[in-house]
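A look at the structure
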Amino acid sequence: MAMDRPGREVVGDGGGEGLSRALGVGAGRVALCDVLAGGAGVVLETAVGEQDGAMLRAMGLVPGATVRVCRAGEPCIVAVLHTGASACACGGSRIGLARRLARGVYVQPRGGAGDGPAC
Amino acid sequence: MTEPGTESQRAGGVADGDVPSIALVGNPNTGKTTLFNRLTGLRHKTSNFAGTTLEARTGRASVGEARLELIDLPGAYSLELEQPEARVCRDVLGGEARGVPVPDGMLVVLDATNLGRNLMLAGEGLRRRLPTVVGVNMIDLARRQGLHVDAAKLSARLGCPVVLISARTGEGVEELKGRLLEVARAGVVPTQTPPGDEVGLRAWAEEVYAFAASGGAGDERLARNTDRADMVLTHPVLGLLAFAVVMGLMFAGIFWLASFPMGWIEGIFAFANGGLREVLPAGAVRDLLTDGVLAGVGATVVFLPQIALLFFLISLLEDTGYLARAAFVADRLLRPFGLPGHSFVPLLSSHACAIPGVLATRTIPDRRERLATILVAPFMTCSARLPVYVLLIGLIVAGLSKSGAVSHPALVGGLLFVGCYALGIAAGVLSALLARRTILRGAARPMALELPSYKLPSVRGALITAYDRSLMFIKKAGTAILAVSVVLWWLGAFPHAGPTAEAQALRAQAAVVAGEDAGVLVARADRIDARHAKSESFLGRIGRAAEPVFAPIGADWQLTIGILASFAAREVFVGTMSVVIAGAEGGDDAGEQGRVRDELAGAVRADGRTLVFSRGTCWSMLVFYVLAMQCLPTLVVTAREAGGVRWAVLQFAWMSLLAYGGAMVVLWLVGGK
């Protein structure tokens, strides 16, 4: 299922605001805890230890999943929009994440995350 | 592990007359429990999986003439995780759980609106090689979001029957039951075995999803509404405010609504008590039934409406999706004390009664955090403490206004009430912190909390939960408090002391005077005999023997009787003190209650000068009753829920120690007189 809408402006709070305080849009790798509210990205890896990583992946934060940060801070809220290439975007799931976990989830900042909730 | 087969394989199956057992497996928030309730109705029982604090619900479902035995396994995101929920699922499915035979079949419940992720768990389930049916739940919601799931295609890829269902509306549930019975009886295992490694399983789930599901561009309006609601409800400040309002309304509603049925229950017990007294001849049997059994059971059952309402409303809130947001917000408040946001509702519930509070800790995923919450829940001011507070704060305020120390007694009384609640909360959270730093040390499970979508709650489910919890309360607390009431009654009633000379003289006097005066004299004689009987009873003797133990917190032998009696249930303190000092419980009559209160306030100790309820003693008793563990039913429930008597012993010892120490310090600060 192609969920992206090409041409739509990226990330941030609706005004092209940076996805990452440190690296900005287009940067290679950003920790989820550094993504501002409204920013989206594709999960690259969950480097939070074996057990916590397995749990996060089981909750849908798998490499390739598209996520959007609905609330930044400690704890933050992340909407998992696409689980992998073909999974359902509707509804999806929202996860409240402690900073301890969010700082180990790395995402590739992404534009046109599209159909997910406009946080 | 068996490799993929091409055709259904028989795994034994179940004989026609036998009842097949089916384990329900699913991610949290898939509506698995709603489905279980839909399938079993009230025909279920709740216990714990052996050696764990996880709830095990088993129940029976009818399929025509046949029956299915259902086991509701804890919701797990993956069967392979090193978490108690996943371990229990693995143990039960593998036949390694104590007291649970290998199930004859498995029902994997998937959330249609989150099918991509849910299919991972389905894959893990299929690898178990049990006769399996997959139920795709919330199909009505998914349709509304434009998602189409093709059951036949999904069934082909999973190699087992797939039924599209809605546990909420009942759609597909009958077909599901039929399919479950079929596969369990025939012992048909799935024809597909998905890959065992995480990456392979993920690829498999994606492929299955792409093959069997389509559409689902998403309901943008729904997403926007969810965002708006979350913006407020999870906001650091607004979220807390909303939380305070929701909880405030809920508890105000509970106390207000419950007061009506509580009144009826009290009326029924008073009526039964009066009836028994009239029907039965005076004697030990009558006293046992009225003062022991009825009084004890009545004192417990009266809290039932509060408990039923509490669980009904909590269940409704949970179903709406709000409770997860509340836990998210409360996490910030409780984390500094080593407790998770999930602890908030149990601790709040404990302000009605610690028993439902301890039962409500089942929603706390981490074992250590759950144990810490159970240990400190009884510090919260429960309804049973209120009569004691009313008496002691009344005496303190009366003393203060008599000495001219305060000009607004009502305000001071109110502040003291608030202070008692605050002291209980402070003692609770600090004790939790201490426990988390010592005996329950260990890293907290960092928050990874799914916030389910908002939806209309299921009243039916909430009713079933309320019924379930109420039954547990009655069974566990009712039986324990009944036994304790009978023992207490016996200790207080035996050995029978004969009438005193003073009372005999009064009665002789009454025989020669006429009218009302005679009645007054006889009543006085009865009170003198009641006091004497209490003082000469085993309880009275124990009170005198134990007086030195409680002297450091300001108690004389009479107060010691009250304290000892209330170790089983603190609400008996006021009644016991009334009988010990005034020779009567006070009754319903306001004038009589006032007389008893005045007698309590003016009662003196053995030295004939010092008040029983001296200023210092009132303060120390108040602190003692805020902090002390005086509720046997709660200890029973703690032992069961925490998985060992040692936790109940620890709870009792710690709270008693803190209460005793606190009361001593307060007595020293205020002064003994």
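Residues numbered from 1 in each chain as written. Chains lettered and ligands numbered in written order. Predicted model: local features only at pLDDT ≥ 70, side-chain atom pairs only at ≥ 80, totals over all residues.

Brief notes about the overall build of chain A
For chain A, the helix and strand inventory stands at 2 helices and 6 strands. Listing the helices and strands of chain A from first to last along the sequence gives β-β-α-β-β-β-α-β. The buried share among the 119 residues of chain A stands at 57%. Counting contacts in chain A only where the partners sit at least 6 residues apart, residues at least 24 apart contribute 58% of the total. (Helix = DSSP H or I, 4+ residues; strand = E, 2+ residues; numbered from the N terminus. Buried ≥ 20, exposed ≤ 12 C-beta atoms within 10 Å, placed from the backbone. Contact = placed C-beta atoms within 7 Å.)

Points about the overall build of chain B
From N to C terminus, chain B includes 27 helices and 12 strands. Once the C-alpha set of chain B is aligned to its principal axes, its extents read approximately 100 × 55 × 40 Å. Burial status across chain B gives 48% buried among its 673 residues. Pairs at least 24 residues apart make up 73% of the contacts formed inside chain B by residues separated by at least 6 positions.

Let's talk about the nonpolar core
Of all hydrophobic cores here, the largest spans 215 residues; its most connected members are Val67(A), Val78(A), Leu24(B), Ala112(B), Val149(B), Leu622(B) and Leu627(B). When residues in this core are grouped by element, the largest group, 10 residues, is from helix α11 (residues 304-320) of chain B. Each of domain 1 (9-218) and domain 2 (238-383) of chain B contributes no fewer than three residues to this core. For Val78(A), the residues in contact, after removing those within four places along its chain, are Leu32(A), Val67(A), Val69(A), Cys70(A), Arg94(A), Ile95(A) and Leu97(A). (Core = buried A, V, L, I, M, F, W, Y, C linked by C-beta atoms within 7 Å. Domains from an automatic or database assignment.)

A word on the packing of helix α16 (residues 386-402) of chain B against helix α17 (residues 409-437) of chain B
Residue and element names in this part refer to chain B. Closest axis-to-axis distance for the α16/α17 pair is 10 Å, and the angle between their directions is 140°. Considering their axes alone, α16 and α17 lie oblique with respect to each other. Both α16 and α17 take part in a crossing whose hand is right-handed. On the side of α16, the interface is formed by Tyr389, Ile393, Ile396, Val397, Leu400 and Ser401, while α17 contributes Pro409, Val412, Gly413, Leu416, Phe417 and Cys420. Classifying every residue of the contact of α16 with α17 gives 10 nonpolar, 2 polar and no charged. (Axes fitted to C-alpha atoms, helices over the stretch in contact; angles between N-to-C directions. Parallel < 35°, antiparallel > 145°, perpendicular 65-115°, else oblique. Left-handed = near helix turned anticlockwise from the far one by under 90°. Nonpolar A, V, L, I, M, F, W, Y, C, P; charged D, E, K, R; others polar.)

Some details on the confidence of the model for chain B
All names here are of chain B. Per-residue confidence for chain B averages 85 on the pLDDT scale, and 93% of its residues sit at or above 70. The secondary-structure element of chain B with the lowest mean pLDDT is strand β1 (residues 9-10), recorded at 48, while strand β9 (residues 162-164) shows the highest, at 97. Throughout residues 1-10 the model reports pLDDT below 50, and contacts reaching past four residues in sequence, or to other chains, amount to 17 contacts. The ipTM assigned to the predicted complex is 0.74, against a pTM of 0.77. (pLDDT = per-residue confidence, 0-100.)

Details of the domain arrangement of chain B
By domain assignment, chain B separates into domain 1 (9-218) and domain 2 (238-383). A straight line from the C-alpha centre of domain 1 of chain B to that of domain 2 of chain B covers 33 Å.

Quick word on unusual backbone geometry
Omega for the peptide link from Glu74(A) to Pro75(A) comes to -10°, which places this bond in the cis form. Along the chain, the position of Pro75(A) falls in the loop between β3 (66-71) and β4 (76-82). Positive phi is not limited to glycine here, since Arg129(B) has a value of about 60°. Even without glycine at this site, Met138(B) takes up a positive phi of about 60°. As for its placement among the helices and strands, Met138(B) is situated in the loop between β7 (132-137) and α4 (139-144). What makes Met138(B) buried here is the crowd of 29 C-beta atoms within 10 Å.

Considering the environment of Asn37(B)
All names here are of chain B. In this structure, asparagine 37 sits in helix α1 (residues 32-40). For asparagine 37, a count of 24 C-beta atoms within 10 Å translates into the label buried. Each C-alpha atom, one on asparagine 37 and one on leucine 627, is 39 Å from the other, the two residues being 590 residues apart in sequence. Contacts of asparagine 37, omitting those with residues within four sequence positions, involve Gly461 and Ile464.

Some points on the pairing of strand β4 (residues 55-63) of chain B
Across 7 bridges, the pairing between β4(B) and strand β5 (residues 66-72) of chain B is antiparallel. Along β5(B), the bridge assignment pairs Arg60(B) with Glu69(B). (Pairing = 2+ DSSP bridges.)

Description of the environment of Arg469(B)
Residues and elements named next belong to chain B. One can find arginine 469 in helix α18 (residues 459-493). Accessibility expressed as a C-beta count within 10 Å gives 22 for arginine 469, which makes it buried. In this structure, the C-alpha to C-alpha distance between arginine 469 and phenylalanine 311, residues 158 residues apart in sequence, is 7.1 Å. Sequence-distant contacts of arginine 469, that is, excluding residues within four places in its chain, are made with Ile307, Phe311, Pro356 and Leu359.

Things to note about helix α12 (residues 322-334) of chain B
Taking 1.5 Å per residue, 13 residues should reach 18 Å; α12(B) reaches 18 Å between its end C-alpha atoms and fits that length. Of all 13 residues making up α12(B), 11 are buried, and the element is well covered by its neighbours. For α12(B), the elements touching its buried residues are β5 (93-97) of chain A together with α8 (220-233), α9 (238-279), α11, α13 (344-349) and β12 (448-451) of chain B. (Expected span 1.5 Å × (residues − 1).)

Topic: helix α3 (residues 115-126) of chain B
All names here are of chain B. For α3, with 12 residues, the first-to-last C-alpha span of 16 Å sits near the 16 Å given by 1.5 Å per residue. For α3, the tally of buried residues reaches 12 of 12 residues, placing the bulk of the element in the interior. Residues of α3 that are buried: Leu115, Gly116, Arg117, Asn118, Leu119, Met120, Leu121, Ala122, Gly123, Glu124, Gly125 and Leu126.

Observations concerning the packing of helix α5 (residues 151-158) of chain B against helix α7 (residues 198-212) of chain B
Residue and element names in this part refer to chain B. Two numbers describe how α5 lies on α7: the axes approach to 8 Å, and their chain directions differ by 155°. Between α5 and α7, the interaxial angle falls into the category roughly antiparallel. The two elements α5 and α7 meet at a crossing, and its hand is right-handed. Here Lys153, Leu154 and Arg157 of α5 lie close against α7, whose contacting residues are Val208, Phe211 and Ala212. Considering only residue class, the contact of α5 with α7 consists of 4 nonpolar, no polar and 2 charged.

Re the environment of Ala326(B)
Residue and element names in this part refer to chain B. Locating alanine 326 in the fold gives a position in helix α12. Along the chain, alanine 326 and leucine 240 lie 86 residues apart, while their C-alpha atoms are 8.2 Å from each other. The contacts of alanine 326, once residues within four sequence positions are left out, are Phe243 and Phe344.

Here we look at the confidence of the model for chain A
Residue and element names in this part refer to chain A. In this model, chain A carries a mean pLDDT of 70, and residues with pLDDT of at least 70 account for 61%. In the model of chain A, β4 stands out as the element of lowest mean pLDDT, 85, in contrast to strand β6 (residues 105-109), which has the highest, 93. Long-range and interchain partners of residues 1-26, a stretch whose pLDDT sits below 50, account for 59 contacts in this model, where long-range means more than four residues apart. Confidence drops under a pLDDT of 50 for residues 85-91, and excluding neighbours within four residues, the segment shows 36 contacts in the predicted structure.

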